[in-house]
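These are the residues of each chain, in order.
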Amino acid sequence: MKHTATALCALVIATLAPTAQAQSAHAAAPADKATAAPARAALPYPPNAEGAAAFIAAAEKDLFGYTVEASQVNWVNSTYITEDTDAMAARINAEGTEKSVAYALEAAKFAALPGLAPDVKRKLDILRNGIVLPAPTMPGAATELNEIATRLNSLYGKGKGTLNGKEINGSDIEAEMGNPERTPAELAEMWASWHDNVGAPMKDDYARMVGIANEGAKELGFADTGVMWRSGYDMSAADFTAMTERLWQETRPLYLALHTYVRKQLNEKHGDAVQPRTGPIRADLLGNMWAQEWGNIYPLVAPEGSGALGYDIGELLAKQNKGPVDMVKIGEGFYSSLGFEKLPETFWQRSQFTKPADREVVCHASAWNVDNVDDIRIKMCIKVNADDFVTIHHELGHNYYQRAYNEQPFLYLNGANDGFHEAIGDFVALSITPEYLVQIGLLDRSQVPSADKDIGLLLRQAMDKVAFLPFGLLVDKWRWGVFDGSIQPAEYNTAWVDLKREYQGIVPPVDRPADAFDPGAKYHIPGNTPYTRYFLARILQFQFYKAACDQAGWKGPLHRCSFYGNKEVGEKLNAMLEMGASKPWPEALAAFTGTREMSAKPMLEYFAPLIEWLDAQNEGETAGW
Ligand SMILES: [Zn+2]
């Protein structure tokens with residue numbers, strides 16, 4: 001079973017780890033010493049605008065050097081896992097956590113001063129809100145927070161479910177949820193055992209952690225941790241919430257049509273007793289533990305006659321004897337065709353393209369810029385198949401973004417917001433159309449699927465990209481409520497189940513016990529990784545794609561456009577990329593797309609033929625739940 005989309009989601013964490021924000025992105029748990037130290041120390045800089053500027057300059061210099069060293073250590077650790085490299089990585093990352101906490105606290109003291117230069121103010125804010133889980137300075141709090149976060153993480157890592165009564169680990173159970181051979185009873189068993197075993201034991205720890213982190217957020221000047229998470233988007237937390245809700249409302253009709261169609265197919269396959277024709281869908285029937293992406297059950301819903309595309313990229317590559325490095329060369333070729341400089345020689349020497357035979361490595365795909373300048377690399381265990389072909393384009397998107405903004409000051413070495421970094425490679429990958437494959441000589445023109453196959457292609461895309469939207473939004477909706485207290489510990493699970501039902505139209509396959517903590521069964525909750533970025537990236541990639549196709553003068557249906565070879569698109573894209581995080585994201589968006597607003601309209605245009613087709617299929621069905 002293929003899990004591209006899931007993998008892309010998970011790899012984001014790894015992707016950003018080695019870059020500028022590594023220390024803050026990973027600062028799940030500050031050490032006690034770290035928070036205590038800056039609280040006692042007097043400010044080494046005068047509390048005025050000049051002092052703030054001097055503080056920022058020193059912090060940028062220190063962090064630049066630190067991240068280079070940390071990236072080197074983490075690279076070695078990820079590509080050569082031993083007890084020693086684990087210990088080295090733990091040490092250098094703990095140092096990074098200490099630094100990020102100390103700098104955030106100092107930045108918070110400067111942030112309210114009058115007369116700050118705009119760049120200084122922006123950089124103070126970046127330092128101040130760069131921690132995911134802030135610890136308060138109260139003695140013992142950071143240690144406790146650290147212990148809880150570590151415990152939650154390891155509970156998840158060690159989590160087991162059962163299949164036919166036998167224990168099964170996390171990655172195997174994830175794959176089995178997408179196995180079309182599994183019966184509804186087996187799926188329900190896996191779903192329930194995973195949620196009961198993994199989630200439930202975390203509940204008390206999670207509640208305690210929320211309390212501590214909120215104290216830390218207050219010390220940094222935020223109302224609660226959820227407000228802090230929403231403060232990185234150049235708008236108020238309330239406006240950001242409203243923007244995400246608007247984007248969801250724009251896409252909801254498309255999701256509803258997909259939901260109705262898929263429910264009908266599930267009903268026809270399983271019968272009324274398993275999946276009724278109306279109401280919500282049973283969570284375990286969608287090919288994914290969290291019902292977040294449904295691509296695994298595409299064969300079940302594929303349109304008759306036009307479901308199969310008629311070619312497979314993996315087979316096309318194999319037929320021409322293309323190996324992993326050739327696949328990366330093809331990816332590079334796409335970016336070169338837009339006018340981007342070729343990848344440096346060091347990229348080819350230092351990247352990990354395939355799984356070494358003689359040692360343990362982290363195979364999760366990621367993209368790095370080790371020296372913050374031009375030492376860009378990818379780390380993958382490439383297999384010659386369609387999924388990895390797409391993933392290569394995705395990872396290279398990170399690399400080209402990293403290199404494009406490498407002349408920015410240290411604190412701006414990042415995406416315009418966290419959704420942008422993920423969206424770049426995905427938007428380029430949208431351009432891997434049959435026509436593009438012909439242009440690069442992989443596909444023979446006679447093999448190009450006829451237009452009547454488009455629905456299958458679009459449906460396959462929608463099963464991952466559209467199905468994901470409500471889930472991408474509700475994970476943090478739940479956490480925002482938990483952090484601001486509107487969801488109390490006694491309501492943790494019912495609120496989660498209610499949000500799943502309200503947004504996704506999904507219900508658990510079995511009754512939930514009173515002590516359930518289903519959110520804990522999703523990695524990003526115990527792992528404390530903010531999730532809204534994935535929602536934003538899904539929307540943004542279509543905005544980028546539409547802008548590129550318009551600039552390329554594309555006139556046909558949007559989903560068939562490829563902007564391969566268009567230098568004008570490359571120039572405009574680069575104008576956005578090279579800004580890094582130096583300006584509010586609407587300015588970066590405008591540099592490429594001409595608009596300052598995030599909009600779901602391009603996504604709707606891309607899927608327009610599918611919407612029409614779904615509406616016809618859904619005639620006579622009761623949409624919604
Ligand atoms: Zn990524």
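(A) Layout of the overall build of the protein chain. For the protein chain, the helix and strand inventory stands at 27 helices and six strands. Taking 25 Å as the expected radius of gyration for a compact globule of 625 residues, we find that the protein chain reaches 24 Å, a close match to that expectation. Here the protein chain holds 625 residues, and the buried ones make up 59% of them. Counted over contacts in the protein chain with a minimum sequence separation of 6, partners at least 24 positions apart contribute 78%.

(B) Representation of the pattern of salt bridges. Enumeration according to the criterion identifies 29 salt bridges in this entry. Of the charged contacts, one joins Arg277 and Glu621 as a salt bridge, the two residues approaching to 2.9 Å between their closest N and O atoms. Separated by 344 residues along the polypeptide, Arg277 in the loop between helix H12 (237-270) and strand S3 (281-282) and Glu621 in the segment after helix H27 (608-617) bring together distant segments of the chain. Residue Arg277 is classed as partly exposed on the basis of its relative accessible area of 29%. The salt bridge partner of Asp464 is Arg460, with a shortest N-O separation of 3.2 Å. In this pair, Asp464 and Arg460 are both assigned in helix H20 (residues 454-465), four residues apart and thus about one turn of the helix distant. Residue classification places Asp464 among the buried positions, given a relative accessible area of 15%. Where salt bridges share partners, they join Lys121, Asp125 and Arg128 into one cluster.

(C) Layout of the environment of Glu69. Looking at where Glu69 falls in the secondary structure, it is placed in helix H4 (residues 49-79). Classification of Glu69 by relative accessible area gives partly exposed; the value is 43%. C-alpha separation for the pair Glu69 and Ile92, spaced 23 residues apart in sequence, amounts to 8.3 Å.

(D) Focus on the state of the cysteines. The final tally for this structure, using the stated rule, is two disulfides. Here Cys363 is linked by a disulfide to Cys381, with a sulfur-sulfur distance of 2.1 Å. On the S-S bond that ties Cys363 to Cys381, the torsion sits near -80°, and the link is left-handed. Of this pair, Cys363 sits in the loop between helix H16 (345-350) and strand S4 (366-369) while Cys381 sits in the loop between strand S5 (376-379) and helix H17 (386-404), and the two are 18 residues apart along the sequence. Between the sulfur of Cys549 and that of Cys561 lies a disulfide, 1.9 Å long from S to S.

(E) Fine view of the coordination of the zinc ion. Distances from the zinc ion to its protein donors, His394 (NE2), His398 (NE2) and Glu422 (OE), fall at 2.1 to 2.3 Å. Sequence spacing among the residues donating to the zinc ion works out to H-x3-H-x23-E. Within this pair, whereas His398 is found in helix H17, its partner Glu422 is found in helix H18 (residues 418-429), the two being separated by 24 residues in sequence. Look at His398 and you get buried, because its relative accessible area is 0%.

(F) Looking closely at the packing of aromatic side chains. In the structure shown here, the tally under the stated rule is 49 aromatic pairs. A cation sits over an aromatic face here: Lys123 above Tyr412, 5.0 Å from the ring centre. The residue whose ring lies beneath Arg538 is Phe468, and the NZ or CZ to ring-centre distance is 4.2 Å.

Parameters and conventions
- Residues numbered from 1 in each chain as written.
- Predicted model: local features only at pLDDT ≥ 70, side-chain atom pairs only at ≥ 80, totals over all residues.
- Heavy atoms only, no water.
- Helix = DSSP H or I, 4+ residues; strand = E, 2+ residues; numbered from the N terminus.
- Rg over C-alpha atoms; globule rule 2.2 N^0.38 Å.
- Buried < 20%, exposed > 50% of the residue type's maximum accessible area, 1.4 Å probe, protein only.
- Contact = heavy atoms within 4.5 Å.
- Salt bridge = Lys/Arg side-chain N within 4 Å of Asp/Glu carboxyl O.
- Disulfide = S-S within 2.5 Å.
- Donors = N, O, S within 2.8 Å, 3.2 Å for Na, K, Ca; no water.
- Phe/Tyr/Trp six-rings, centres within 6.5 Å; stacked < 30°, edge-to-face > 60°.
- Lys NZ or Arg CZ within 6 Å of the ring centre and 35° of its normal.

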